[in-house]
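Chain and residue survey
In case you want the letters, here they are:
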Amino acid sequence: MALLKVKFNQKKRVKLAQGLWLMNWFSVFAGILVFSMGLFLKIELRKRSEVMDNNESHFVPNSLILMGILSCAFNGFAGKICYDSLDPAKFAKWKPMLKPYLALCCVFNMLIFFVALICFLMRGSLDSTLAQGLKNGMKFYRDTDTPGRCFMKKTIDMLQIEFKCCGNNGYKDWFEIQWISNRYLDFSSKEVKDRIKSNVDGRYLVDGVPFSCCNPSSPRPCIQYQVTNNSAHYSYDYQTEELNLWRRGCREALLSYYSGMMSSMGAVILLVWLFEMSVMVGLRLLHTSLESIANPEDPECESEGWILENSLKDTFKSALENLKKLGKFNQVQAGAEGAEGEEGGKTPAITTVS
């Protein structure tokens, strides 16, 4: 028994073709939207590529760009088929292509669904990428004279100001690295010498943070140096008082920003996928309803359209049997080739008579 069998007359077939033509052009605009989202996400990721450890995060925008281009191509082609289906003479040239095209549509829709899932599941990979990238970026914060790293200070400062964050996981991350360049240290000072000697790696570590960690909305002037020294500031206790530094780490801030963006894009792509699935189902009904016309010379006669010619169970069994037959055929071919090779390898014995 056919799956989702529907009876059509000429009027219904024309309405279906016209509706699908319109839906395909809406899908083309949806493809442009997906392409634009991928391009926007790629630009946003490239803006902060210095604080990302690898290029894995670009898999999502690249996939969106590809899906957008394919959506425009597939739906533009389907729109042409639906338009020509109104004329039996024009539709005849598309008949041999429809089954392979519908198979490609199935693969394409699976890919769209996969990309939508990736948008929701990319958070873990993005988290590790940002954690390592920010850690490396903070190490290079002081290298303002090193080629290739001279803009890292500006990048980190602008990032902390824009996203209202400090450090990788928090402001205390700055205590563990030397973020002040040696060119700005007075090595004749006893304090500087003592700090460097007290560190195993010979780094100048301070309980201070860059100015970009300061919260401008705080009523108290920014305390960015000697943050943990209560005696260095009047009426101050860093453990109990609300510090005038950004509490949130930049990894969390960036992860929240990009995850929210990708989740929104994933929801949009799921809607596009549902729309594409409805277009594919409609195109299949149109295809089968036109093919099942009993008398092609009488376009006004009734016909039937369906999604699958047999039930889902029978179709699955038939597909498995075809795969088994294909496997057996390949084995027979391989065996025949092997036998031919053995026969070719045998050389006849030649007896010489003297």
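Residues numbered from 1 in each chain as written. Predicted model: local features only at pLDDT ≥ 70, side-chain atom pairs only at ≥ 80, totals over all residues. Heavy atoms only, no water.

1. Regarding the pattern of salt bridges
Where charged atoms from two side chains of opposite charge come close, those side chains can pair. Worth spelling out the cut-off: One speaks of a salt bridge when a side-chain nitrogen belonging to Lys or Arg is within 4 Å of a carboxyl oxygen belonging to Asp or Glu. Going along the chain from the N terminus, every DSSP run of H or I of four or more residues is numbered as a helix, and every run of E of two or more is numbered as a strand. The classification of residues rests on relative accessible area computed with a 1.4 Å probe and restricted to protein chains. Under 20% of the type maximum is buried, over 50% is exposed, and intermediate values are partly exposed.
Taken as a whole and judged by the stated rule, the model has nine salt bridges. With a shortest N-O distance of 3.0 Å, D157 and K153 are connected by a salt bridge. Here D157 pairs with K153, and both are found in helix 6 (residues 152–163), just four residues apart, close to one helical turn. What makes D157 buried here is its relative accessible area of 4%. The shortest N-O distance in the salt bridge between R203 and D201 comes to 3.7 Å. Residue classification places D201 among the exposed positions, given a relative accessible area of 57%. Salt bridges linked by common partners bring E44, K47, R48 and E162 together as one network.

2. A few points about the state of the cysteines
We apply this condition: Pairs of cysteine sulfur atoms within 2.5 Å are what we label disulfides.
Inspection of the entire model under this criterion finds three disulfides. Two residues share a disulfide in this structure: C165 and C250, whose sulfurs sit 2.1 Å from each other. Judged by the sign of its S-S torsion, about 85 degrees, the cystine formed by C165 and C250 is right-handed. Here the residue C165 occupies a position in the loop between helix 6 and helix 7 (190–197), and C250 occupies one in helix 8 (residues 250–291), the gap between them amounting to 85 residues. Here the two residues C165 and C250 agree in accessibility, since each one is buried. The partner cysteine of C166 in its disulfide is C213, sulfur to sulfur 2.1 Å. In this structure, the disulfide formed by C166 and C213 twists by about 85 degrees around the S-S bond and is classed as right-handed. Taken as a pair, C166 in the loop between helix 6 and helix 7 and C213 in the loop between helix 7 and helix 8 lie far apart in primary sequence, 47 residues in all. An identical accessibility class is assigned to C166 and C213; each is buried. What connects to what in the protein, once the bonded cysteines are numbered by sequence position, is 1-6, 2-3, 4-5.

3. So, the packing of helix 2 (residues 59–84) against helix 8
To characterise two packed helices, one gives the angle between the axes of the helices and the distance between these axes. Applicable threshold: Helix axes are fitted only over the stretch in contact, all axes being lines through C-alpha atoms; the angle between N-to-C directions runs from 0 to 180 degrees. Throughout, the term roughly parallel applies to angles under 35 degrees, roughly antiparallel to angles over 145, roughly perpendicular to angles from 65 to 115, and oblique to all others. Two helices crossing with the near one rotated counterclockwise from the far one by less than a right angle form a left-handed crossing, whereas a clockwise rotation gives a right-handed crossing. Throughout, a residue-residue contact means that at least one pair of heavy atoms, one from each residue, lies within 4.5 Å.
Contact geometry of helix 2 with helix 8 gives a least axis separation of 12 Å together with a crossing angle of 25 degrees. Between helix 2 and helix 8, the interaxial angle falls into the category roughly parallel. For the pair helix 2 and helix 8, the crossing hand works out as left-handed. Contacts between helix 2 and helix 8 involve V60, L64, S71, N75, A78 and C82 from the first element and M262, M265, I269, E276, V279, L283 and L286 from the second.

4. Some points on the side chain of N75
Topologically, N75 is positioned in helix 2. In this view, N75 contacts N24, S27, V28, Y101, E276 and V279; residues no more than four positions away in its chain are not counted.

5. Some remarks on the nonpolar core
Heads up, the rule is: Here, nonpolar core means buried Ala, Val, Leu, Ile, Met, Phe, Trp, Tyr and Cys residues that are tied together by side-chain atoms lying within 4.5 Å of each other. Domain ranges listed in this record stem from an automatic or a database domain assignment.
L41 and W174 are the most contacted members of the largest nonpolar core, which has 79 residues in total. Counting residues per element, the ones that place at least two in this core are helix 1 (10–47), helix 2, helix 4 (95–121), helix 5 (123–139), helix 6, helix 7 and helix 8. If you tally residues by element for this core, the top one is helix 8, at 15 residues. Looking at which domains feed residues into this core, each of domain 1 (3–137 + 256–294) and domain 2 (171–247) supplies at least three.

6. What about the UniProt feature "transmembrane region" (unreviewed entry) in the protein?
The cut-off we apply is this: UniProt positions are given in the numbering used here, feature names are shortened, and annotations may be inferred rather than shown by experiment.
The feature "transmembrane region" (unreviewed entry), as annotated in UniProt, sits at residues 20–41, 101–122 and 255–275 in this numbering. Note that residues 20–41 is 100% helix and 0% strand, and that its end C-alpha atoms are spaced 31 Å apart. Secondary structure content for residues 255–275 is 100% helix and 0% strand, and the end C-alpha separation is 30 Å.

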